[in-house]
Amino acid sequence: MAENKFNKEAFLEHYKGRDYSYESIQTEMDDDNNSHVVIKELEGQSRKRVPEFTSKLRHRLVEVPDEIYQASGIRIFGHRIKSLLFSTDVALIRNSNAHAVMSVYPFTPQMAINQSLINASSVPVFTGVGGGTTSGERSIQLAFQSEQAGAFGVVVNSPMENDVIRQIAQVVDVPVVATISSEHDDFIGKLNAGADMLNVSGGATTARLVSHIRQQVGDVVPIIATGGPTGPSILETIEAGANAITYTPPASADIFAELMAKYRRNK
């Protein structure tokens, strides 16, 4: 009988043709404080001493900033989530390294949209179920249907009434995430009504708002927060008390524009 022994040389040869460099896509700020797309070519094995697989066809990746990994994360159903991609673009969702997706959009929530995003994503999806124009029984039904479709959590916008949050919490078995946009939001009331975690989106004042909430609720309430476009702003939000960070990726059109410019330079 042939000896069952690991052939290191054959394994290295097997990987030799697959060790492609890949392109990391992020948004960065220039000296004039304007955001622009940056595409960096990285060697897979040189980034960290971590085994990594990439391929010739899927070598371009929208990466969340490294600073996000300094967050504690939130463990949900056994998944430790530190980064959430704020997007409803299926192509971006399928080509990102974010731990989860925050699919909240500025239109009336529709189950067809939520279902499509859940089906397309390979990571957990948190779906919006209203709070502004959409509320009441419609939001309650959307929350239940989203859970049945596979959503990891349901997100309510800041105007959502506490009574509706209470009813949603009674019918779903996934986290209810309440959005907080200013210090005037009744985040204590939302938590008392049944919200399981908070999603802080306060624009330029997000870090200060996270710090204010953390002082009021202690360290037991999970907080997701927008981190801004730069590493320092993300770290500031994490240090203020955020457990996970939502990252807004560059638009597909901007990525295309940078790629076409790169192709023209190569020619």
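Quick summary incoming for the structure in this document. The structure presented is a predicted model; accordingly, all values stated were derived computationally and were not measured.

Focus on the packing of aromatic side chains
So, point 1. What the rule picks out here adds up to two aromatic pairs.
So, point 2. Between Phe77 and Phe152, the aromatic rings sit 5.4 Å apart at their centres with planes inclined by 85 degrees, giving edge-to-face as the arrangement. Of the two residues, Phe77 sits in the loop between β4 (74-76) and β5 (79-81) while Phe152 sits in the loop between α4 (136-149) and β9 (153-156), which places them 75 residues apart along the sequence.
So, point 3. Classification of Phe152 by relative accessible area gives buried; the value is 16%.
So, point 4. Both rings, one in Phe126 and one in Phe152, keep their centres 6.5 Å apart while their planes meet at 70 degrees; by these two values the pair is edge-to-face. In this pair, Phe126 is assigned in strand β8 (residues 125-128) and Phe152 in the loop between α4 and β9, connecting sequence segments 26 residues apart. We note that Phe126, like Phe152, is buried.
So, point 5. Joined through ring pairs, the aromatic side chains of Phe77, Phe126 and Phe152 make up one cluster.

Let's talk about helix α9 (residues 252-266)
So, point 1. With 15 residues, α9 should reach 21 Å at 1.5 Å per residue; the first-to-last C-alpha distance of 21 Å fits that figure.
So, point 2. Within the sequence span of α9, burial applies to Ile255, Leu259, Ala261 and Lys262. For α9, the angular spread of buried residues about the axis comes to 160 degrees, placing them on one side. Exposed and oriented more than 90 degrees from the buried face of α9 are Ala253, Phe256 and Arg264.
So, point 3. Buried residues belonging to α9 abut β1 (22-29), β2 (35-42), β3 (60-62) and α2 (90-94).

Some remarks on the packing of helix α7 (residues 206-217) against helix α8 (residues 231-240)
A packed helix pair is summarised by two numbers, namely the angle formed by the two axes and the spacing between the axes.
So, point 1. Packing of α7 against α8 brings their axes to within 8 Å, and their N-to-C directions diverge by 10 degrees. Comparing the axis directions of α7 and α8 gives the class roughly parallel. Across the interface between the two elements, Thr206, Ala207, Val210, Ser211 and Arg214 of α7 pack against Glu236, Thr237 and Ala240 of α8.
So, point 2. Residues of the contact of α7 with α8, tallied by class, amount to three nonpolar, three polar and two charged.

Here's the deal with the sheet that holds strand β6 (residues 83-86)
So, point 1. In spatial order, the strands read β6-β7-β8-β9-β10-β11-β12-β13; together these eight strands close into a barrel with parallel pairing. Between one strand and the next, the sheet's axes are offset by a mean angle of 25 degrees, whatever the strand orientation.
So, point 2. Of the pairings in the sheet, the one linking β6 to strand β13 (residues 244-247) comprises three bridges and is parallel in character. Within β13, the residue paired with Leu85 across the bridge is Tyr247.
So, point 3. Lying on the sheet, helix α3 (residues 111-120) is in contact with β7 (100-103) and β8; it crosses β8 at an angle near 170 degrees.
So, point 4. On the sheet, α7 packs against β10 (176-180), β11 (197-200) and β12 (223-226) and is oriented at approximately 165 degrees with respect to β12.

Parameters and conventions
- Throughout, residues of each chain are indexed from 1 in the direction in which the sequence is written.
- Totals for whole chains, interfaces and linings use all residues, but because this is a predicted model, local features are given only for residues with pLDDT of at least 70 and pairs of side-chain atoms are given and counted only at 80 or more.
- To get the side-chain values, all heavy atoms of the structure are used, and hydrogens and water are removed first.
- Working definition: rings of Phe, Tyr and Trp (its six-membered ring) pair if their centres are within 6.5 Å, and the pair is stacked with planes under 30 degrees apart, edge-to-face with planes over 60 apart, and tilted otherwise.
- For the purposes of this entry, the term helix denotes a DSSP run of H or I that reaches at least four residues, the term strand denotes a run of E that reaches at least two, and both are numbered from the N terminus.
- Any residue under 20% of the maximum accessible area for its type is buried, any over 50% is exposed, and the rest in between are partly exposed; the area is computed with a 1.4 Å probe on protein chains only.
- Expected helix span is given by 1.5 Å per residue-to-residue step, counting one fewer step than there are residues.
- Regarding the arc, it is the one traced by the directions from the helix axis to the C-beta atoms.
- Any two residues whose heavy atoms approach within 4.5 Å are treated as being in contact.
- Every angle, taken between N-to-C directions, lies between 0 and 180 degrees, and every axis is a line fitted to C-alpha atoms, over only the stretch in contact when it is a helix.
- In what follows, roughly perpendicular refers to angles from 65 to 115 degrees, roughly parallel to angles under 35, roughly antiparallel to angles over 145, and oblique to any angle outside these ranges.
- Polarity classes work like this: nonpolar for Ala, Val, Leu, Ile, Met, Phe, Trp, Tyr, Cys and Pro, charged for Asp, Glu, Lys and Arg, and polar for all others, with Gly in that last group.
- Pairing between two strands is assigned when DSSP locates at least 2 bridges connecting them.

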